[in-house]
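# Structural description and commentary
Single-letter residue listing:
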Amino acid sequence: MCLRSRRHSFILASCFWALLTSPACLWANSDIAKAIITKAQTRLVNDVYLLDAITTLSLSESMLNALDNGISLTVSANIKIIRPRMLWFDNIVKDISKQYELKYYDLSERYILTDLKTGEKKQFRTHTSALTALGDIQDYPLISLGALDKNARYAGELSYSLHINKLPTPLRLKAYLFKDWHLTGETYRWRLQ
Amino acid sequence: MAPAISIKHRGDLLFMVVLFLILLGSLFALAGSHNNIERFGDFYIWLLGLNAVGLLIILGRISILTWGLISRLRRGVEGTRLTLKVLVMFILVSLLPVAIVYAFSQNFLRNAIDSWFDTPVEAALNNALNLSRDALNLQILTAQRITSNLSQSFYDISSDAAVLLTDELRQEWDLLELTLLTTGNEVIASSTAEYMNLKPSHANNEGILQVRQGVTYAEFNIDDQTGAHIIIVVPVFPFSAVTQNRMLLAIFPYSNRIGTLAEDVQNSFSGYRKLEFLRNSLKWTYSLTLTLVLLFTALMSVWLAFYLSRRLILPIQNLAKGTRAVAGGDLSTRLPSSGRDELSFLVSSFNQMIQHLATARTKAQSDQLLIENQRAYLSTVLEHISSGVIALNAAGEVRTVNTKAGEILEVDTARLLHRSLRDCCENNPLVDQFHSAITPHIAKTNTSEWHDQFEIIDSQGKHKLIRCRGAQLIEKIEVNSGWVLVFEDVTAMIRAQREAAWGEVAQRLAHEIKNPLTPIQLSAERLRHKLLDKMPPEDAKVLERSTHTIVQQVEGMKSMVRAFADYASTPAAAFTPLSLNQLIDEVADLYTGMQGILKIRLVLTPDLPYISADANRIRQVLHNVIKNALESRKDTRREVTVTVSTRRCNKPSTSHQILLTIEDDGPGFPDDLLDKLFEPYVTSKAKGSGLGLAIVKKIIEEHGGNIHAYNKEGGACLEIRLPFVKKQTMDLQGDTV
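The model shown is predicted, which means the values in this text are computed figures rather than measured ones.

### Some points on the overall build of chain B
For chain B, the helix and strand inventory stands at 19 helices and 17 strands. For a compact globule of 737 residues, the expected C-alpha radius of gyration is about 27 Å, and chain B comes in at 71 Å, more than 25% above that figure. Based on the C-alpha atoms only, the size of chain B along its principal axes is roughly 240 × 60 × 40 Å. The 737 residues of chain B split such that 39% are buried. Counting only contacts in chain B whose residues sit at least 6 apart along the sequence, the fraction spanning at least 24 positions is 62%. Carbon together with sulfur atoms contributes 57% to the accessible area of chain B, which is approximately 41,900 Å² in total. In chain B, 74 side chains carry a positive charge and 76 a negative one; their mean positions are 10 Å apart.

Below you can see the structure in the form of structure tokens.
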């Protein structure tokens, strides 16, 4: 194959890949899932930084519909401790992903929120209370003081995301392509103190 | 000629095979991702992307090939239309079944997925779930009632007593756990079964909230350790003003069997609903996978059609090119051969054929060259022999004729070629005579060789003696393929023989006559001297007259004998390049004082080439001819005018000669002597020896020329032709001299 055709194929492939990986821009829907972080802060307790954060999570109709039809949603709270740098990418000191599985239990008619790390389960009558519990992080130990440089400044970052890869296979392509399957929200950043 | 499969094409094939294998594997993984989520699920999107990119690459490749084909079609490249036909055929053969299978598969797929879902099954599952729910609710209600009853025992009881009571009641009611808590969720007393976690349970926020509002909280739970269980939290009424408000948390075990069944119902219902929810997505995903497979198959088929058509047509294209090259005369063409199929055999046969053609052509060229050489050799031989040669075919047409034959027959040889001798007779009397002479011989069929000698008369009336020899040509194809005639003009030879005989006679005659002449003369003079005085006058007169006559005649005979001797023994000539005009000027100067007797008029063409001649002999020729003119006059009082002219001969056969013409205004040659004018002892003069013109002819012939005499209006004319020397030859001779 000649260089010209290779280049041509590469451009086409790139366009296709861009369509696959950034579908949200094209199939926008007013009904979107949001993760609005209203508060996130750390406290130093016994030389350990503890995180307190409150996030208002709301799911799109598609997500709620899927949830009510037995599809489990895996949501993760992505927490990063970073050391900002002036002219270069920030140095990620610690990267934590708190993963929760939210599913509806038909028999008891309850929403069950499972901490995938600890296996701890909580039941809720409504998805709103389950999402409130999901967005409520209290006293979560982030990092010990000894792991940080005393002279440096650090910051914390918090964001929420839905794990599309954990969805059933037939739903994944749709989830990649449509925006109502993306948990949107700005990354919240605060200074570590 | 391009090789059957070039390196570029092999690279292309290898690339496409690798891409084919990658995409095939990717499609298998994509299909497997629907059934084996753990194995391929995480790569689903990547597999989709990989397939899309692969298909785009194949599409791009096909676009390039299509563009190339269109371009070749526009340019009218040979074999393109055939390639297009084969390509279309391949594509139709491959795509048509694929498209049909795809359409049926799509339909089957959708129907198959729809057939998974059935209304009665769904209703049954709903009923089963409701039944399970009712059973659970019944259990919960029972547990709530028991827990409410138990809570009355904990009203206004001390903490220590509560510890004992919880343990007692837990064992009595076979509970998993019984814990007394404050409404602030602090444990007052707790008792747990042995296999339970020793850590007492707490009510969750929802439970606390409900209890504070005086409502019982119930929760059904399943975990790996305890299995299915029911958690009940109730307020301990009435709330005391003295002690802390309390609530009682009781965990009831759920029947294992019922719990398992309920769990199964839950899973089945959940699975069914999930499947129903994903119905359209499943159709879409399976259709996408099937479409990718279709696209992959179709595009690969199209590419393969391009490849195979190219592969199939290439030998035919090569054959066409090779045939054209061979038609154009290029026999060095060799076609690349590969494989063992019929096309390869055809190519191999083509190469063999070209090889044989090339060998045959080389041999033909070699034979042609040989024939040309032989022809050139034969032509050279024929052109340089002194005999005329004419070859006649069976029809009597002239196949070969050499220049000498043309000279003898005084005809342009080009006019004779490929024509019958009979047809050439009309304007050529010599050819006519020649033809008449040979016809009786070549008409005979029983003789293969003959020879004859005959006379023909040339255009100037001279007799030519021709000696001719004929031989039958025998070739393989025909019995009698014609005749070859070899003939020569032997007139000069016969004349030379005659002259040689005359020279011999003259020499012997001179020798025999000259010897007795001196004694005869001396004897006569002696007789006269001895007897003249002694004889009577009359007798003396007779003696005087007789001896005088004897002496006179002896002198005459002596002079005749000298002439004979001169004719017979001519010294060898010394040839040098000579300007004929200059020599003529010199000779003419000798006669300038003879006004009234002889006048020489010169008409000389300037810048004539030199002749190779002995100046003295040519001078003798001029003197003899001029003298002959003087002696031939009858009226001695009349001045004789001799005109000497020179020019180049303009006939093609004599273009290498200079024509010297000497004419006088005398009575001319006697007609009866014209034929033998140059023979010795032929003279019309009373006192002539008859050797003058014979010597002239002899000298001219010694110089390679010829002489011709004839009478013109008012005088005689002699034409002498002498060959001139080419400049190159002259230079060489000059160097030698």
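So much for the structure itself; the text now carries on.
### Considering the overall build of chain A
Helices and strands together make up the secondary structure of chain A, namely 4 helices and 10 strands. Shown N-terminal to C-terminal, the secondary structure of chain A runs as helices and strands in the order α-β-β-α-β-β-β-β-α-β-β-α-β-β. Within the span of chain A, comprising 193 residues, buried residues form 46% of the whole. Here the analysis covers contacts within chain A between residues at least 6 apart in sequence; of these, 63% occur between residues at least 24 apart. Taken as a whole, chain A presents about 10,200 Å² of accessible surface, with 53% of it coming from carbon and sulfur.

### Structural notes on the interface of chain A and chain B
With 37 residues of chain A in contact, the opposing surface of chain B contributes 43 residues. Surface buried jointly by chain A and chain B totals about 3,600 Å² across both partners, of which 64% is contributed by carbon and sulfur atoms. Where chain A touches chain B, the interface holds 3 salt bridges. Across the pair Glu-109 of chain A and Arg-133 of chain B runs a salt bridge, and its minimum N-O distance is 3.5 Å. On the surface where chain A and chain B come into contact, there are 13 residue pairs in polar contact (both at pLDDT 80 or more). Within the residue set of the side of chain A that touches chain B, elements represented by two or more residues are helix 1 (3-21), helix 2 (61-68), strand 4 (91-105), strand 6 (121-124) and helix 4 (169-177) of chain A. No other element matches helix 4 of chain A, which puts 8 residues into the side of chain A that touches chain B.

### Focus on the pattern of salt bridges
In this structure the tally under the stated criterion is 23 salt bridges over all chains. Between Arg-279 of chain B and Asp-114 of chain B there is a salt bridge, with its nearest N and O atoms 3.6 Å apart. Of the two residues, Arg-279 of chain B sits in helix 9 (residues 279-327) while Asp-114 of chain B sits in helix 4 (residues 80-116), which places them 165 residues apart along the sequence. Asp-114 of chain B gets classed as partly exposed once you look at its relative accessible area, which sits at 27%. Lys-464 of chain B is the salt-bridge partner of Glu-410 of chain B, the closest N and O atoms lying 3.7 Å from each other. Taken together, the positions of Glu-410 of chain B in the loop between helix 11 (403-409) and helix 12 (413-416) and Lys-464 of chain B in strand 9 (residues 463-473) put the pair 54 residues apart, joining distant regions of the chain. A relative accessible area of 35% places Glu-410 of chain B in the partly exposed class. For Lys-464 of chain B, a relative accessible area of 10% translates into the label buried. Ionic contacts of the salt-bridge type, sharing partners, join the residues Arg-43, Asp-52 and Asp-139 of chain A into one network.

### Structural notes on helix 16 (residues 580-590) of chain B
All names here are of chain B. Burial in helix 16 covers these residues: Leu-580, Asn-581, Leu-583, Ile-584, Val-587 and Ala-588. Viewed end-on, helix 16 has its buried residues packed into an arc of 160°, placing them on one side of the element. Opposite its buried face, helix 16 presents the exposed residues Asp-589 and Leu-590, each directed more than 90 degrees away. Contacts from the buried residues of helix 16 go to strand 11 (576-578), strand 12 (598-604), strand 13 (611-613), helix 17 (615-631), strand 14 (640-648) and strand 15 (657-664).

### Here's the deal with helix 18 (residues 692-702) of chain B
Residues of helix 18 of chain B that are buried: Leu-693, Ala-694, Ile-695, Val-696, Lys-697, Ile-699 and Ile-700 of chain B. Of the residues trailing helix 18 of chain B, Gly-704 of chain B is marked for its positive phi of about 75°.

### Topic: the confidence of the model for chain B
Confidence in the prediction of chain B, expressed as mean pLDDT, is 82, and 92% of residues score 70 or more. Put simply, helix 19 (residues 727-736) of chain B is where chain B has its lowest mean pLDDT, 50, and strand 14 of chain B is where it has its highest, 92.

### Some remarks on the sheet that holds strand 6 of chain A
All names here are of chain A. With antiparallel pairing, the 6 strands of this open sheet are ordered in space as 6-5-4-3-8-10. The open sheet has two edge strands, strand 6 and strand 10 (188-191), and neither has a second partner. Within this sheet the neighbouring strands show an average axis-to-axis angle of 20°, counted without direction. Taken together, the 11 bridges between strand 3 (residues 73-83) and strand 4 define a ladder with antiparallel strand orientation. From the neighbouring strand, Ile-82 faces strand 4, where its bridge partner is Ile-92. Its contacts with the sheet put helix 2 on strand 3, strand 4, strand 5 (110-115) and strand 8 (155-162), and the angle it makes with strand 4 is roughly 55°.

### Let's talk about the state of the cysteines
Residue and element names in this part refer to chain B. Scanning the entire structure with this criterion turns up 0 disulfides over all chains. Of all cysteine sulfurs in the structure, the one in Cys-425 sits closest to Cys-468, which takes part in no disulfide; the separation is 14 Å. Cys-468 sits in the buried class, given a relative accessible area of 1%. Here Cys-649 is not cross-linked by a disulfide; its sulfur's nearest cysteine counterpart is in Cys-717, at 13 Å.

### A few points about the nonpolar core
Core analysis: the biggest nonpolar cluster contains 116 residues, and Leu-142, Leu-158, Tyr-160 and Trp-181 of chain A together with Phe-154 and Ile-230 of chain B have the highest contact counts within it. Grouped together as the second largest cluster of nonpolar side chains are 49 residues, Leu-580, Val-621, Phe-669 and Phe-724 of chain B included.

### Considering the side chain of Thr-179 of chain B
All names here are of chain B. Turning to its location among the elements, Thr-179 is positioned in strand 1 (residues 177-182). One polar contact links Thr-179 to Ser-190, side chain to side chain, over a distance of 2.8 Å. Those residues in contact with Thr-179, other than ones at most four positions away along the chain, are Val-187, Ala-189, Ser-190, Pro-200, Ser-201, Met-247, Leu-248 and Leu-249.

### Let's talk about unusual backbone geometry
One non-glycine residue, Asn-46 of chain A, lies in the positive phi region at around 55°. Inspection of the secondary structure puts Asn-46 of chain A in the loop between strand 1 (33-45) and strand 2 (48-58). Given the relative accessible area of 70%, Asn-46 of chain A is considered exposed. Phi at Asp-607 of chain B is positive, roughly 55°, even though this residue is not glycine. With respect to the helices and strands, the residue Asp-607 of chain B is situated in the loop between strand 12 and strand 13.

### Structural notes on a nonpolar patch on the surface
A grouping of Leu-14, Val-18, Ile-22 and Leu-50 of chain B is seen on the molecular surface, where their side chains present a nonpolar patch of about 350 Å² in accessible area. For the nonpolar patch, the element with the most residues is helix 1 (residues 7-35) of chain B, which contributes 3 residues.

### What about the domain arrangement of chain B?
Here the domain parsing of chain B yields domain 1 (7-116 + 278-325), domain 2 (142-273), domain 3 (385-489), domain 4 (508-568) and domain 5 (576-736). Averaged C-alpha coordinates put domain 1 of chain B and domain 3 of chain B at centres separated by 86 Å.

### Side note on the sheet that holds strand 3 (residues 217-223) of chain B
Residues and elements named next belong to chain B. Strand order in the open sheet made by the 5 strands is 2-1-5-4-3, with antiparallel pairing throughout. Each edge of the open sheet is held by one strand with a lone partner, namely strand 2 (187-192) and strand 3. Across this sheet, the average inter-strand angle for adjacent strands is 15°, counted without regard to direction. Across 5 bridges, the pairing between strand 1 and strand 2 is antiparallel. Paired with Thr-179 across the strands is Ser-190, a residue of strand 2.

Rules behind the numbers
- Residues numbered from 1 in each chain as written.
- Chains lettered and ligands numbered in written order.
- Predicted model: local features only at pLDDT ≥ 70, side-chain atom pairs only at ≥ 80, totals over all residues.
- Heavy atoms only, no water.
- Helix = DSSP H or I, 4+ residues; strand = E, 2+ residues; numbered from the N terminus.
- Rg over C-alpha atoms; globule rule 2.2 N^0.38 Å.
- Buried < 20%, exposed > 50% of the residue type's maximum accessible area, 1.4 Å probe, protein only.
- Contact = heavy atoms within 4.5 Å.
- Areas by Shrake-Rupley, 256 points an atom, 1.4 Å probe, with all protein chains shown as cover.
- Lys, Arg positive; Asp, Glu negative; His and termini not counted.
- Charge placed at Lys NZ, Arg CZ, Asp CG, Glu CD.
- Buried area = accessible area lost by both parts, 1.4 Å probe.
- Salt bridge = Lys/Arg side-chain N within 4 Å of Asp/Glu carboxyl O.
- Polar contact = N/O pair within 3.5 Å; in protein donor to acceptor, adjacent residues only side chain to side chain.
- Arc of directions from axis to C-beta.
- pLDDT = per-residue confidence, 0-100.
- Pairing = 2+ DSSP bridges.
- Axes fitted to C-alpha atoms, helices over the stretch in contact; angles between N-to-C directions.
- Disulfide = S-S within 2.5 Å.
- Core = buried A, V, L, I, M, F, W, Y, C linked by side-chain atoms within 4.5 Å.
- Patch = residues over 30% accessible without salt bridge, like charges linked within 9 Å, V, L, I, M, F, W, Y side chains within 5 Å.
- Domains from an automatic or database assignment.

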